[in-house]
Amino acid sequence: MSNTNGDNPRQNIEKAIAAGDLYELLIMTGMLHGHFCPFSAIGVKAAARGTRELGVTSTGMEEVVAIVETNNCFSDGIQFVTGCTFGNNALIYRDYGKTALTLARRTGEAIRISVRADRLMEERTPEATQLFERVVVGRSGSEADRQRLSELWKELAFRVLDIPDEEVLDIKRVTVEVPNYARIFGNVKCSICGENVMEPRARIKDGKPVCIPCSGQEYYQLSGDGISIIGGS
């Protein structure tokens, strides 16, 4: 997996996409995701299909934008394969609770790919389902349970890659409105804690700029439950 082209850090990923090597893409995605599972695998599958269909590559400069509608494992496959991430402002999260991707050019030309969850569930064995409920949903089970689930999840993840796209993905061309490029803001120093804060996130307290935690005001948080409003007095 060595990359001899220092000008293109995504060279290996782009080669795997062009070759249709979903196995290699899933292996590399595992370095980000931390384990192999069918949900990150279907994200890899959707992202690779969308990237090829749209004929795009990403340099992380927002020329390509990925819109995801869920914050589960699927989204890590999307981020890794498309190169559209939370940190480079090319990943847009819409809290719809749908396992779907819209990959778009700046022109608005886009592909929306949603997952046929019922077809995906057909691949899951009863043993894997029971272990998932125990280990992941119930946050319990033994170490042996966790290891066995890991084995079954890995097998299922790579098996998902072999399902024909048309059986497990709904794919359609769409036109979307792409948000403007991310603006670059200056910083101000919080008058209470002394830490720098992005200017539009600063608040005024007693006539001085403060950060949100020091202001005591509410804020938005993205967690496993989605987007929620926290705090506030």
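For the structure itself, look to the data block above.
Every value quoted in this text rests on a predicted model; they were computed, and no experiment measured them.

J.: Any chance you could explain the overall build of the protein chain here in plain terms?
T.: Tallying secondary structure elements over the protein chain gives 9 helices and 11 strands in all. Taking the principal axes of the C-alpha coordinates as reference, the protein chain spans close to 60 × 45 × 35 Å. The 233 residues of the protein chain split such that 41% are buried. The contacts in the protein chain between residues at least 6 apart in sequence include a share of 62% that link residues at least 24 apart. Of the side-chain charges in the protein chain, 27 are positive and 31 negative, and the distance between the mean point of each set is 4 Å.

J.: Just checking my understanding: could you explain unusual backbone geometry for this structure?
T.: For residues that are not glycine, phi is negative in most cases, and the peptide bond is trans in most cases. We note that Asn-89 has phi near 65 degrees; this positive angle belongs to a residue other than glycine. Examined against the element boundaries, Asn-89 turns out to sit in the loop between α4 (74-82) and β2 (91-93). Phi at Arg-139 is positive, roughly 50 degrees, even though this residue is not glycine. For Arg-139, a relative accessible area of 70% corresponds to the exposed category.

J.: Got a minute to help me understand the environment of Thr-70 in this structure?
T.: With respect to the secondary-structure elements, Thr-70 resides in the loop between β1 (64-68) and α4. For Thr-70, a relative accessible area of 8% gives the class buried. A C-alpha to C-alpha distance of 17 Å links Thr-70 and Thr-29, two positions 41 residues apart in sequence. For Thr-70, the residues in contact, after removing those within four places along its chain, are Ser-75, Tyr-93, Arg-94, Lys-98 and Thr-99.

J.: How should the nonpolar core be read in this particular structure?
T.: Nonpolar side chains tend toward joint burial in soluble globular proteins. In terms of nonpolar packing, the biggest core is built from 48 residues, with Leu-25, Ile-42, Ile-78 and Leu-103 touching the most fellow members. If we ignore the near neighbours within four places in the chain, the residues touching Leu-103 are Gly-50, Thr-51, Leu-54, Val-56, Val-64, Val-65, Ala-66, Thr-82, Cys-84, Glu-109, Ala-110 and Ile-111. Val-65, Ile-67, Ile-92 and Ala-104 belong to the second-largest nonpolar core, a separate cluster that totals 6 residues.

J.: I would appreciate a short explanation of the pattern of salt bridges in the present structure.
T.: Once the charged atoms of two side chains with opposite charge are near each other, the side chains can pair. The final tally for this structure, using the stated rule, is 17 salt bridges. Put simply, Asp-165 and Lys-45 hold a salt bridge, and the shortest N to O gap is 3.1 Å. One end of the pair, Asp-165, is in helix α8 (residues 165-168); the other, Lys-45, is in helix α3 (residues 38-54), with 120 residues separating them in the sequence. Take Asp-165 and Lys-45: they sit in the same class, and that class is buried. Of the charged contacts in the structure, one is a salt bridge between Arg-112 and Glu-69, with a shortest N-O distance of 2.9 Å. Separated by 43 residues along the polypeptide, Arg-112 in strand β4 (residues 109-115) and Glu-69 in the loop between β1 and α4 bring together distant segments of the chain. Residues joined by salt bridges that share partners form a network here, namely Lys-45, Arg-49, Glu-53, Asp-165 and Glu-166.

What counts, and at which threshold
- Residues numbered from 1 in each chain as written.
- Predicted model: local features only at pLDDT ≥ 70, side-chain atom pairs only at ≥ 80, totals over all residues.
- Heavy atoms only, no water.
- Helix = DSSP H or I, 4+ residues; strand = E, 2+ residues; numbered from the N terminus.
- Buried < 20%, exposed > 50% of the residue type's maximum accessible area, 1.4 Å probe, protein only.
- Contact = heavy atoms within 4.5 Å.
- Lys, Arg positive; Asp, Glu negative; His and termini not counted.
- Charge placed at Lys NZ, Arg CZ, Asp CG, Glu CD.
- Core = buried A, V, L, I, M, F, W, Y, C linked by side-chain atoms within 4.5 Å.
- Salt bridge = Lys/Arg side-chain N within 4 Å of Asp/Glu carboxyl O.

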